[in-house]
Amino acid sequence: MVDKLSNDEREVGKQNYYNAVTSYYDVNRRDFLRGIVATGAVSGAGLGAAYFGYGQVKDPVRIAVIGTGDEGNVLIGGCNPNYVDVKAICDIRPFSQHRAFHGDCSSPSALIRRPGLISVAGYSNEAEARKNVKVYDSSNGGIMACLDDPDIEAVIIALPLWLHAPVAALAMERNLHVLTEKLMAHNVAQCKVMGRMAAAGQDKNGNPLHLATGHQRHYNVKYENAVNLIRWGLLGQLHHIRAQWHRGNLPGRDSWSMPIPGGEKMPNGKTFDRIAKDLAHRRAKLKTATGADVKRLQAEIAQWEAWDADKTIDPREHGYEDFARGDQMFTAEEELHRWRLFQRTGAGLMAELGSHQLDAVSIFLSSLRSDGKKVHPLSVHAVGGRHIMPLDRDAGDHIYCTFEFPGPEYAETFDVGYYDPVENYPNGAVPGYEQDPNKKVVVTYSTINGNGFGGWGEVVMGTKGTLVLDKETDVLLYRNSDTSSKVGVKKEEGGYALDTSASGDFAAPVAQTAATGPVSRGYREEIEHWAYCIRNPDKENKPRCYPEVAMGDAVIALGANVALKNSQTGKGGYLQYKEEWFDIDNDATPDGSDIKREQEYMLKDVT
């Protein structure tokens, strides 16, 4: 997102951010950051509870993790044993089960993100872990048996998208709390059914059900600090946000087109089995390995053997189907292992990637509202398609969107950073969209394959400053568009502003110390807070991404898909959003999904 910035400019932006954060807390919550440093509550060790205002729980919530693939194992890595006790996992794939216990040893960075239950819970080995963690699969009743386990109070759902809603509904029908991965559901009607069930339901103790969705930016400390700086007025009046998620996926090198266990036929009739080939390579290397390489290769071989064992699973017994697209035939194995590529099981780039960043946009813009409600877009223009990939998918590989959001009103006391004495403007408050329909914030978004230049992130532009959030871990702050000047925060008549004369010693040591250690992307905090809300069922306690918020993100993403479909069928890629789509109790949907049909579908046995 910031590839055009030099290393010096990046460092200036980081220090400006730390300087501003320290000033914010010195003015608004004096000694907050210093208290975090003094108690050792830095990243990964209590920072979330300190920032987001939740406490410890005396009795960890007993949970099952249903779906332990890539994202499920990331969520396992976020399971703090002080808040949740993983009593069961559920997955039909030996590969997923293996990684749930041992973590993902395909690379050092993968093992950090997916450390496995043995590491997370402190078990000595898999045998000890299995004495405490039940494993549900196709041999013992699978999902339905897991949901009926009397030892389970709540479930984390990280299944392919098409299964989010039915499993969540079946769980809530059994009085279980739910945290489901994003997108909330496969269509908007399913989201509304889920929200209604959560509102009407109770847990086994008669307390409110908590349905949370894993848009983890709500629990990312860097995003929380960004919101505070926006509210404080350091950016002035927001008028444009640019966001992107660019990846270098190409034909033959696509992270969404995973190898098929057992191999697949090539045009020459031969079978290409990447998993078996990689496994043989590691076995050969082990024969001559020495030192630490022996242990590493043994772990990798065990993981690849589990992956190869996935070929023993028949996806047709679990709802996956063989199907055709024109003359192209696809197997149930492809639909299981590459579910993100197909309409029936996934919802494409906007659901998997765009929903996260449009959620961030909503967080930024909603922070300036006085009523605390989530901002909804007015319209979207979308174009895109399958520009570089072969006909091996339904999903496009490029999408470009322009969203219009209503601009917020700015109080007379809010310093927007400009004044025209000739026009006497602004004369009092700066009107928002409701007072002046010209007041809009335009958001441009692109998510592409084929070139990862710029990576992913958001750039928030205001009349006084620019805020860059890069790959969820780095935040850069600049006065206006000046990327070379070191700035601090200066109090002015109309509020606070970035100023070169207020840079002070520029070290911002307290804010930097409070952010030491690996930056949390919010998975741990979202699970901790969900557990805290379950154990503290007061009305004011609810997850940050509760059903109305998560459904709003789904409406935005799935609405963009409708606009994209319009563009591909000659209707023009435009969609005007309607407020009733964002109302859980209103049956209207943008995608043609039907409440009654989804209610019947969602409560069927999914075995």
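Scroll up to find the structure.
Attention in this report is confined to the structure presented alongside it. (Residues numbered from 1 in each chain as written. Predicted model: local features only at pLDDT ≥ 70, side-chain atom pairs only at ≥ 80, totals over all residues. Heavy atoms only, no water.)

## Some remarks on the overall build of the protein
Where we set the bar: Helix and strand definitions here come from DSSP, where helices need a minimum of 4 consecutive H or I residues and strands a minimum of 2 consecutive E residues; each element is numbered from the N-terminal end. Only protein chains enter the accessibility calculation, which uses a 1.4 Å probe; a residue whose area is less than 20% of its type maximum is buried, one above 50% is exposed, and one in between is partly exposed. Residue contacts are defined here by distance: any two heavy atoms, one from each residue, within 4.5 Å place the two residues in contact. For this count, His and the chain ends are skipped, Lys and Arg are scored as positive, and Asp and Glu as negative. Positions of charges follow a simple convention, taking NZ of Lys, CZ of Arg, CG of Asp or CD of Glu.
Regarding its fold elements, the protein presents 20 helices and 20 strands. Across its three principal axes, the protein shows a C-alpha extent of roughly 75 × 60 × 55 Å. Counting all 607 residues of the protein, 57% fall into the buried class. Of the contacts formed within the protein by residues at least 6 apart in sequence, a portion of 71% connects residues at least 24 apart. Charged side chains in the protein number 68 positive and 80 negative. The centres of these two groups are separated by 4 Å.

## Let's talk about the sheet that holds strand E2 (residues 84–90)
Cut-off, in case you're wondering: Strands pair, by our definition, only if DSSP identifies at least two bridges between them. Only C-alpha atoms enter the line fits that serve as axes; for helices the fit covers just the stretch in contact. Angles between N-to-C directions range over 0 to 180 degrees.
Ordered in space as E3-E2-E1-E4-E5-E6, the six strands form an open sheet in which the pairing is parallel. The two strands at the open ends of the sheet, each matched to only one other strand, are strand E3 (134–136) and strand E6 (211–213). For this sheet the average axis-to-axis angle between neighbouring strands, irrespective of direction, equals 25 degrees. With three bridges connecting them, E2 and E3 associate as parallel partners. Note that in E3 the partner of Cys90 across the bridge is Tyr136.

## A short note on the pairing of strand E7 (residues 238–246)
A large share of E7 lies buried, amounting to seven of its nine residues. Here E7 pairs with strand E15 (residues 456–462) via seven bridges, running antiparallel. Within the sheet, the bridge partner assigned to Ala243 lies in E15 and is Glu458.

## Thoughts on the sheet that holds strand E17 (residues 474–479)
Spatial ordering of the open sheet is given by E17-E16-E15-E7-E14-E13-E12-E20, a layout of eight strands whose pairing is mixed. Of all strands in the sheet, those with a lone pairing partner are E17 and strand E20 (574–576), marking the two edges. Across the sheet, the mean angle from the axis of one strand to that of its neighbour is 15 degrees, orientation sign disregarded. Here seven bridges tie E7 to strand E14 (residues 440–448), and the two strands are oriented parallel to one another. Paired with Gln244 across the two strands is Ser446, which belongs to E14. Contacting strand E16 (465–470) and E17, helix H1 (residues 7–28) runs over the sheet at an angle of about 90 degrees to E17. Its contacts with the sheet place helix H12 (residues 221–231) against E7, E15, E16 and E17, and it is angled at close to 170 degrees to E16.

## Let's talk about helix H5 (residues 94–102)
Residues three or four positions apart in an α-helix share a direction because the helix packs 3.6 residues into each turn. Here H5 lies mainly inside the structure; seven of its nine residues are buried. Turning to H5, the residues buried within the fold contact helix H4 (70–77), E2, helix H7 (117–121), helix H8 (126–132), E3 and helix H14 (292–308). Just beyond H5, the residue with positive phi is Gly103, at close to 85 degrees.

## Thoughts on the environment of Gly592
You can see Gly592 is positioned in the loop between E20 and helix H20 (595–602). Relative accessible area serves as the criterion here: at 57%, Gly592 is assigned to the exposed category. Spatially, the C-alpha atom of Gly592 lies 9.6 Å from that of Val562, the residues being 30 residues apart in sequence.

## So, the pattern of salt bridges
Put simply, the rule reads: What counts as a salt bridge is simple: a side-chain nitrogen of Lys or Arg found within 4 Å of a carboxyl oxygen of Asp or Glu.
For the structure shown, the criterion picks out 46 salt bridges. One salt bridge in this structure joins Arg535 and Asp59, with 3.4 Å as the shortest N-O distance. With Arg535 in helix H18 (residues 523–535) and Asp59 in the loop between helix H3 (47–52) and strand E1 (61–66), this residue pair connects regions lying 476 residues apart in the sequence. Arg535 gets classed as partly exposed once you look at its relative accessible area, which sits at 23%. Given the relative accessible area of 41%, Asp59 is considered partly exposed. Close ionic contact of Glu264 with Arg338 constitutes a salt bridge, the shortest N to O distance being 2.7 Å.

## Notes on the packing of aromatic side chains
Keep this limit in mind: Ring geometry is summarised as follows: Phe, Tyr and Trp rings, the Trp one being its six-membered ring, pair when their centres sit within 6.5 Å, and such pairs are stacked at plane angles under 30 degrees, edge-to-face over 60 and tilted between the two.
Going through the model one piece at a time under the given rule, you end up with 22 aromatic pairs. Each ring, one from Tyr54 and one from Tyr83, has its centre 6.0 Å from the other, and the planes form 85 degrees; the classification is edge-to-face. You can see Tyr54 sitting in the loop between H3 and E1 and its partner Tyr83 sitting in the loop between H4 and E2, a full 29 residues away along the chain. For the pair formed by Tyr54 and Tyr83, the shared burial category is buried. Ring-pair connections join several aromatic residues into one group, and the members of that group are Tyr24, Tyr25, Tyr51, Phe52, Tyr219, Trp232 and Tyr496.

## As for the nonpolar core
Where we set the bar: Within this scheme, the nonpolar core is defined by two criteria: the residues are buried Ala, Val, Leu, Ile, Met, Phe, Trp, Tyr or Cys, and they are joined through side-chain atoms within 4.5 Å.
In this structure, Ile63, Val155, Phe364, Phe403 and Tyr577 are the most contacted members of the largest nonpolar core, which totals 158 residues. With 12 residues, helix H19 (residues 547–568) is the largest single contributor of residues to this core. Beyond its immediate sequence surroundings of up to four residues, Val155 is in contact with Ala64, Ile66, Leu147, Ala171, Leu176, His177, Val178, Leu179 and Trp530.

## A look at helix H13 (residues 274–286)
Inclusion rule: Expected span of a helix, by definition, is 1.5 Å for each gap between consecutive residues, and there is one gap fewer than residues. The arc in question is traced by the directions running from the helix axis to the C-beta atoms. Whenever two N or O atoms come within 3.5 Å, that pair is a polar contact, provided that in protein one can donate a hydrogen and the other can accept it, and provided that, for residues adjacent in sequence, both atoms are side-chain atoms.
With 13 residues, H13 extends 19 Å between its outermost C-alpha atoms, agreeing within 8% with the 18 Å of an ideal straight helix rising 1.5 Å per residue. Along H13, the residues that are buried comprise Ile275, Leu279 and Arg282. Seen along its axis, H13 keeps its buried residues to an arc of 65 degrees; they face one direction. Buried residues belonging to H13 abut H14. Among the residues of H13, the N-terminal cap falls to Asp273, whose side-chain oxygen and the backbone nitrogen of Ile275 are separated by 3.3 Å.

## Let's talk about the pairing of E16
Counting buried positions over the six residues of E16 gives six, a clear majority of the element. Because side chains alternate across E16, one face comprises the buried residues Gly465, Leu467 and Leu469, and the other comprises Thr466, Val468 and Asp470, equally buried. Bridge count for E15 against E16 is five bridges, and the pairing is antiparallel. Each bridged residue has a counterpart across the sheet, and for Met461 the counterpart in E16 is Thr466. Taken together, the six bridges between E16 and E17 define a ladder with antiparallel strand orientation. Note on E17: the bridge partner recorded for Gly465 is Arg479.

## Considering unusual backbone geometry
For the bond running from Lys182 to Leu183, omega is -15 degrees, close enough to zero to count as cis. Here Leu183 shows up in the loop between strand E5 (177–180) and helix H11 (188–200). Residue Pro426 follows Tyr425 across a cis peptide bond; omega there is 0 degrees.

Coordinates in, geometry out; function isn't part of it.
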